[in-house]
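Structural overview
Chain residues, written in single-letter form:
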Amino acid sequence: MDPTLLLVSAIAAAIYVITPGPAVLALLSIGAARGRSAGAAFLFGHLAGDVLWASLALLAIIGARTIDPRFFDLLGLVCGLYLFYLGLRAVLARRSEDGSLDTGPVQPLRRGLILGITNPKGYPVAVAMFTALLADHSGSLTWQGAPVLLLAALVGFLLADLFLIWLTGLGLLRRFYRRHEIWIVRATGLLFIAFSIQAFAASLPGLLGRRG
C-alpha cells in the first residue's frame, strides 16, 4: 500500500482525537484534577470508541452501504441521553465535606470506555475527517487494505493521545483548573447538554421520518 495513504490515515485519526468535543473536555477535567495517570487511563478506555468509529467510517468510505441508517439514529439517541446525564450531573455539582466535587472521575478507565463508545461526535466527525483527507486516494481504497489503514489510524490515535496526556499534566493548566474547578465543571456540563441536544436533533428526524 502507498505509504502516503497510510500517513494520511494516521493524520486523519490524530486530528479526529484532538478536535474539541465531549471527550477532550472530560479529559481536561480529569487530567487537571487527577494528573497524567488518570488522564492516560481515560484515554486508554476511550481508544476503544476511537477504533470503533474509525472502523465504521472506513467501512462507509470504502463503499459498504448495507448498514441500516436507523442503527445510527438509535445510537445517536443513546449517545444524547448519556451526555445529557453527564451534563446534568456536572451542572448540579456540589462540593462534599472534604472539598471534592461529587462528579469526580472515580474510574477514569471505565468513564473513557463508555464515553468513547457513546460519543456523538464519533461517527459523523470520523466520516468527515477521513473522507476529506482520503478523497484524493479513493481509487486506492480496497477491502484488502482496510486493516492496514485502520492500523495506521491506530498509530495516529496513540500519538494524539500522548500529546493530550502531556498537555493535561502541565502545572499551569492544573493550577488554573483547581482555582476555577466548580465553574469549569458546570460550564462543561452545559456544553455536554448542548451536545446531547445536537444528538437528539440529528437522530429524531430520521427516526420519525422513517416511521412515517
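The structure under discussion appears in the preceding block.
Every value quoted in this text rests on a predicted model; they were computed, and no experiment measured them.

**Section: the overall build of the chain**
- When its secondary structure is counted, the chain shows nine helices and zero strands.
- The linear arrangement of helices and strands in the chain, starting from the amino end, is α-α-α-α-α-α-α-α-α.
- Burial status across the chain gives 43% buried among its 212 residues.
- Considering only intrachain contacts with a sequence separation of at least 6, the fraction spanning at least 24 residues in the chain is 87%.
- With an accessible surface of roughly 11200 Å², the chain has 69% of that area assigned to carbon and sulfur atoms.

**Some words on the packing of helix H2 (residues 22-34) against helix H5 (residues 108-118)**
- Here H2 crosses H5 at 170°, and the two axes come no closer than 11 Å. For the element pair H2 / H5, the angle class is roughly antiparallel. Between H2 and H5, the contacting residues are Pro22, Ala23, Ala26 and Ile30 on the first element and Pro108, Arg111 and Leu115 on the second.
- Within the contact of H2 with H5, the residues separate by chemical class into six nonpolar, no polar and one charged.

**Digging into the packing of aromatic side chains**
- What the rule picks out here adds up to two aromatic pairs.
- Ring centres of Phe163 and Trp166 lie 5.9 Å apart, and the angle between their planes is 35°; this geometry places the pair in the tilted category. Of this pair, Phe163 and Trp166 both sit in helix H7 (residues 146-168), separated by three residues, roughly a single helical turn.
- Judged by its relative accessible area of 46%, Trp166 is partly exposed.
- The side chain of Arg186 reaches across the aromatic face of Trp183, ending 5.3 Å from its centre.

**Re the packing of helix H1 (residues 3-18) against H7**
- At a minimum axis distance of 7 Å, the contact between H1 and H7 shows a crossing angle of 40°. Classed by the angle they form, the pair H1 and H7 counts as oblique. The handedness of the crossing between H1 and H7 is right-handed. In this structure, H1 uses Leu5, Leu6, Ser9, Ala10, Ala13, Ala14, Tyr16, Val17 and Ile18 to contact H7, whose residues at the interface are Val148, Leu149, Ala152, Ala153, Gly156, Phe157, Ala160, Asp161, Phe163 and Leu164.
- For the contact of H1 with H7, the residue count by class is 16 nonpolar, two polar and one charged.

Reading guide: rules and limits
Residues numbered from 1 in each chain as written. Predicted model: local features only at pLDDT ≥ 70, side-chain atom pairs only at ≥ 80, totals over all residues. Heavy atoms only, no water. Helix = DSSP H or I, 4+ residues; strand = E, 2+ residues; numbered from the N terminus. Buried < 20%, exposed > 50% of the residue type's maximum accessible area, 1.4 Å probe, protein only. Contact = heavy atoms within 4.5 Å. Areas by Shrake-Rupley, 256 points an atom, 1.4 Å probe, with all protein chains shown as cover. Axes fitted to C-alpha atoms, helices over the stretch in contact; angles between N-to-C directions. Parallel < 35°, antiparallel > 145°, perpendicular 65-115°, else oblique. Nonpolar A, V, L, I, M, F, W, Y, C, P; charged D, E, K, R; others polar. Phe/Tyr/Trp six-rings, centres within 6.5 Å; stacked < 30°, edge-to-face > 60°. Lys NZ or Arg CZ within 6 Å of the ring centre and 35° of its normal. Left-handed = near helix turned anticlockwise from the far one by under 90°.

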